[in-house]
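Below are the chains, spelled out letter by letter.
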Amino acid sequence: MLHRVQRQVYLFLTATLIAIFLTSLYLIRSNRRLFAQLATLSEQRSELAQKLIATQESTLRHVSRELHDEFGQILTAVGAMLTRAGKHAPEGSPLRAELREVCEITQGTLDKVRSLSQALHPVMLEETGLESTLDWYLPVVERQAGIHVSYEKSGAPFPVDGNAAIHVYRVVQEALNNLTRHSGASEAWVRLRFLPELLEIEIEDHGRGFDATSARQGIGLVAMRERAELLGGSVEFLKTAQSASGTLVRLRVPREKIDSHAG
Ligand SMILES: Nc1ncnc2c1ncn2[C@@H]1O[C@H](COP(=O)(O)OP(=O)(O)O)[C@@H](O)[C@H]1O
Ligand SMILES: [Mg+2]
């Protein structure tokens, strides 16, 4: 009698152990499958983001060049024709005054087209690199967005050009866009640091701030992360230490990636 009970208990225990073992095995396998799927998905997402970035960059470059070359040439020609026509009109006549006015409008439009072309894709980035492009760009942001930008540079400058310059510039551009659109702040701090092994750039505001882990992720934040990754670097969205709220965007790119024109 006792033996039978004992045997049944053993049987029951063995069956339970086997069941636990099989369930664990199944769980481990399905977990592994899930992780593999997640990895593929994340890879595909990253690939998609990179394609998006490349397409956006080539579109912007194309539109910028087209604006500068085609429209620039047309407007320059119209301006020259108007100047010539003005000379034929009698001195002091209303026609001459009007032609001069149209000429001024044409010149104004030409300047706007040129600066739009620059903003879409600064030729400067390719010609003179990141540092001088930022020297030009930050005052433009001040003027157009109406915020005060304090700009600080430190360290021994090294050249940043090629794709690295484009990616860094776009990250700064998006950070400043977000700052003007979302932070509610009217002041910004931009710090460019040339460190021995690293290029570091910070964009800071003391506005309303946000939580990058829980905030709605727009394409802007995703693209910033993806560009940083393309450069083998990192981008962080931190709370500012100096004020209760506010945002500090910090981009770090290793020097070797910049020198090898990565991305
Ligand atoms: N400097 C900032 N201050 C406050 N909120 C910000 C800031 N930068 C980003 N955000 C928040 O993060 C969100 C996502 O930004 P982003 O991905 O660039 O998308 P979008 O700019 O198109 O809304 C924004 O909608 C905003 O709520
Ligand atoms: Mg944005």
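Since the structure is predicted, the reported quantities are computational estimates derived from the model, not experimental observations.

Looking at the overall build of the chain
Per the secondary structure count, the chain includes seven helices and five strands. Each helix and strand of the chain, ordered N terminal to C terminal, gives the series α-α-α-α-β-α-β-β-α-β-β-α. Relative to the 2.2 N^0.38 estimate, which gives 18 Å for 263 residues, the radius of gyration of the chain is 30 Å and therefore markedly larger than a compact globule would have. The proportion of buried residues among the 263 residues of the chain is 33%. When contacts within the chain are restricted to residue pairs at least 6 apart in sequence, long-range pairs at least 24 apart make up 69% of them. As displayed, the chain offers around 16600 Å² of accessible surface, 59% of which is attributable to carbon and sulfur atoms.

Some remarks on the coordination of the magnesium ion (ligand 2)
Note on the magnesium ion (ligand 2): its protein donors are Glu 174 (OE) and Asn 178 (OD1). The metal-donor distances range over 2.1 Å. Of this pair, Glu 174 and Asn 178 both sit in helix 5 (residues 162-183), four residues apart, which is roughly one turn of the helix. By relative accessible area, Asn 178 is classed as buried at 17%.

Side note on the layout of surface pockets
In this structure, the largest pocket spans a volume of roughly 450 Å³. For the largest pocket, the lining is made up of 22 residues, of which Asn 178, His 182, Phe 210, Arg 216 and Leu 221 are closest to its centre. Those elements giving two or more residues to the lining of the largest pocket turn out to be helix 5, strand 3 (198-205), helix 6 (219-230) and strand 5 (247-254). With seven residues, helix 5 is the single largest residue contributor to the lining of the largest pocket. Residues of the lining of the largest pocket, tallied by class, amount to ten nonpolar, seven polar and five charged. As a volume, the second largest pocket reaches approximately 320 Å³. Secondary structure elements with two or more residues in the lining of the second largest pocket: helix 1 (2-88), helix 2 (94-120), helix 5 and helix 6. A breakdown of the residues in the lining of the second largest pocket according to their chemical character gives nine nonpolar, four polar and three charged.

Some remarks on the side chain of Arg 170
With respect to the element layout, Arg 170 can be found in helix 5. In terms of polar contacts, Arg 170 uses its side chain to reach the side chain of Glu 57, at 2.8 Å. Reaching out from Arg 170, the side chain makes a polar contact with the backbone oxygen of Leu 120 at a distance of 2.8 Å. If we ignore the near neighbours within four places in the chain, the residues touching Arg 170 are Glu 57, Leu 60, Ala 119, Leu 120, His 121 and Arg 227.

As for the site of ligand 1
The environment of ligand 1 is made up of 15 residues, and the closest members are Glu 174, Asn 178, His 182, Arg 216 and Leu 221. A distance of 3.1 Å separates a nitrogen atom of ligand 1 from a polar side-chain atom of Asp 205. In isolation ligand 1 exposes 540 Å². Once the protein is present, 84% of that is buried. Given that more than half its atoms are within 2 Å of the pocket grid, ligand 1 belongs to the largest pocket. Contributing elements (two or more residues each) for the shell around ligand 1: helix 5 and helix 6. The leading source of residues in the shell around ligand 1 is helix 5, at six residues. Of the residues contributing to the shell around ligand 1, the split by class is four nonpolar, seven polar and four charged.

Notes on the packing of aromatic side chains
The relative placement of two aromatic rings is captured by the distance of their centres and the angle of their planes. Under the counting rule described, the total for this entry stands at four aromatic pairs. Taking 5.0 Å as the distance between ring centres and 85° as the angle between the ring planes, the aromatic pair formed by Phe 158 and Phe 194 counts as edge-to-face. Taken as a pair, Phe 158 in the loop between strand 1 (148-155) and helix 5 and Phe 194 in strand 2 (residues 187-195) lie far apart in primary sequence, 36 residues in all. Comparing Phe 158 with Phe 194, the two get one shared label, buried. Site record: aromatic cluster; members linked through ring pairs are Trp 136, Tyr 137 and Tyr 169. The ring centre of Phe 158 lies 3.9 Å from the NZ or CZ of Arg 255, which sits over that ring.

Calculation criteria
Residues numbered from 1 in each chain as written. Chains lettered and ligands numbered in written order. Predicted model: local features only at pLDDT ≥ 70, side-chain atom pairs only at ≥ 80, totals over all residues. Heavy atoms only, no water. Helix = DSSP H or I, 4+ residues; strand = E, 2+ residues; numbered from the N terminus. Rg over C-alpha atoms; globule rule 2.2 N^0.38 Å. Buried < 20%, exposed > 50% of the residue type's maximum accessible area, 1.4 Å probe, protein only. Contact = heavy atoms within 4.5 Å. Areas by Shrake-Rupley, 256 points an atom, 1.4 Å probe, with all protein chains shown as cover. Donors = N, O, S within 2.8 Å, 3.2 Å for Na, K, Ca; no water. 1 Å grid on protein atoms, 1.4 Å probe; cavity = no way out; pocket = protein on both sides within 12 Å on 5 of 7 lines; lining within 4 Å. Points joined across faces, edges and corners; volume = space filled by probe spheres on them. Nonpolar A, V, L, I, M, F, W, Y, C, P; charged D, E, K, R; others polar. Polar contact = N/O pair within 3.5 Å; in protein donor to acceptor, adjacent residues only side chain to side chain. Near = heavy atom within 4 Å. Sits in = over half its atoms within 2 Å of the grid points. Phe/Tyr/Trp six-rings, centres within 6.5 Å; stacked < 30°, edge-to-face > 60°. Lys NZ or Arg CZ within 6 Å of the ring centre and 35° of its normal.

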